[in-house]
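Each chain, letter by letter, is given below.
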Amino acid sequence: MVDESFIAAEAPPCDTKIPETAEKFPPEPPLPGKSDLQQEVADLKRAFADYMHTAPEIDRMRKELHETLQERDNHAAELKKLKQDQSLNSIANDYSFNDVEYLEFILQKNHVQLDDPQAVKSFMQQLKTEKPKFFNLPLKPGAGSRPGNAVENVFPGGNLKRMDALEVMISNAREII
């Protein structure tokens, strides 16, 4: 059985006074992590405010970076095109080819790499036999005068006026029959 005598007994006197209302309670001491959290929230608010002030600057920098990258890509493509044009001109000069644009087209069509000299050489030799009209003939400059005939000096003094020089050239021209 249970002893119920302690229920009827009176409580011993207490020297601590209990306040009668809840408003009179002293504030609870802060929990150990509560002030740290409040400090962290304040720091985050300050960082967010700083970010909001620098956001337009960041957007401007991103836009500037994008434009710079675009400009770099454009210059790289232009440099690649210039190198290709230089290589095509060199090939056209080496093989006496007339039309550089057509050479570029025909090389791309046949998938010939410009940086492979052996492939270019074999392709150009094949092209010269197939389409000789695009290649210059190895001719020597000159009028094609007959051997043994001396060329006469057309201008005797060199101080003729323009119309006089033209008249002398026409009078000394050979007739074609």
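Note that this is a predicted model, so its numbers are computed, not measured.

(A) Inspection of the overall build of the chain at higher detail. The secondary structure content of the chain amounts to 5 helices and 0 strands. For the chain, the N- to C-terminal ordering of α and β elements is α-α-α-α-α. Burial statistics for the chain: of 177 residues in total, 10% are counted as buried. Considering only contacts within the chain whose residues lie at least 6 apart along the sequence, 41% involve residues at least 24 apart.

(B) Region of interest: the side chain of E104. By the element assignment, E104 lies in helix α3 (residues 100-109). Looking at E104, the relative accessible area reads 18%, which means it is buried. Among residues more than four places away in sequence, those in contact with E104 are K81, Q84 and L88.

(C) The layout of surface pockets, seen in detail. One number sums up the size of the second largest pocket: a volume of about 170 Å³. Of all the elements in the fold, those that place two or more residues in the lining of the second largest pocket are α2 (34-94) and α3. Here the lining of the second largest pocket is built from residues that sort into 4 nonpolar, 3 polar and 3 charged.

(D) Expanded view of the nonpolar core. F97, L103, F123, M124 and L127 are the most contacted members of the largest nonpolar core, which totals 15 residues. Going through the elements one at a time, α2, α3 and α4 (117-130) are the ones with two or more residues in this core. Other than its neighbours up to four places away in sequence, L103 contacts L88, I91, A92, F97 and M124.

(E) Broad picture of the pattern of salt bridges. If you walk through the whole model with that rule in mind, you get 6 salt bridges. One salt bridge in this structure joins R46 and D43, with 3.0 Å as the shortest N-O distance. Of this pair, R46 and D43 both sit in helix α2, 3 residues apart, which is roughly one turn of that helix. By relative accessible area, R46 is classed as partly exposed at 46%. The residue D73 makes a salt bridge to R72 at a minimum N-O spacing of 3.1 Å. Judged by relative accessible area, D73 falls into the partly exposed class, the value being 39%. Residues joined in a network through salt bridges with shared partners are E57, R60 and E64.

(F) Representation of a nonpolar patch on the surface within the structure. Together, M163, L166, M169 and I170 make up a nonpolar patch on the protein surface, roughly 420 Å² of accessible area in all. A relative accessible area of 60% places M163 in the exposed class.

(G) Up close: α3. Of all the residues in α3, the buried ones are Y102, L103, E104, I106 and L107. Sitting at the head of α3, D99 places a side-chain oxygen 3.4 Å from the backbone nitrogen of E101. Phi turns positive one or two residues past the end of α3, at H111, with a value near 55°.

(H) Representation of unusual backbone geometry. Positive phi is not limited to glycine here, since S96 has a value of about 55°. The residue H111 is not glycine, and still its phi comes out positive at about 55°. The topology assignment puts H111 in the loop between α3 and α4.

Calculation notes
Residues numbered from 1 in each chain as written. Predicted model: local features only at pLDDT ≥ 70, side-chain atom pairs only at ≥ 80, totals over all residues. Heavy atoms only, no water. Helix = DSSP H or I, 4+ residues; strand = E, 2+ residues; numbered from the N terminus. Buried < 20%, exposed > 50% of the residue type's maximum accessible area, 1.4 Å probe, protein only. Contact = heavy atoms within 4.5 Å. 1 Å grid on protein atoms, 1.4 Å probe; cavity = no way out; pocket = protein on both sides within 12 Å on 5 of 7 lines; lining within 4 Å. Points joined across faces, edges and corners; volume = space filled by probe spheres on them. Nonpolar A, V, L, I, M, F, W, Y, C, P; charged D, E, K, R; others polar. Core = buried A, V, L, I, M, F, W, Y, C linked by side-chain atoms within 4.5 Å. Salt bridge = Lys/Arg side-chain N within 4 Å of Asp/Glu carboxyl O. Patch = residues over 30% accessible without salt bridge, like charges linked within 9 Å, V, L, I, M, F, W, Y side chains within 5 Å. Areas by Shrake-Rupley, 256 points an atom, 1.4 Å probe, with all protein chains shown as cover. Polar contact = N/O pair within 3.5 Å; in protein donor to acceptor, adjacent residues only side chain to side chain.

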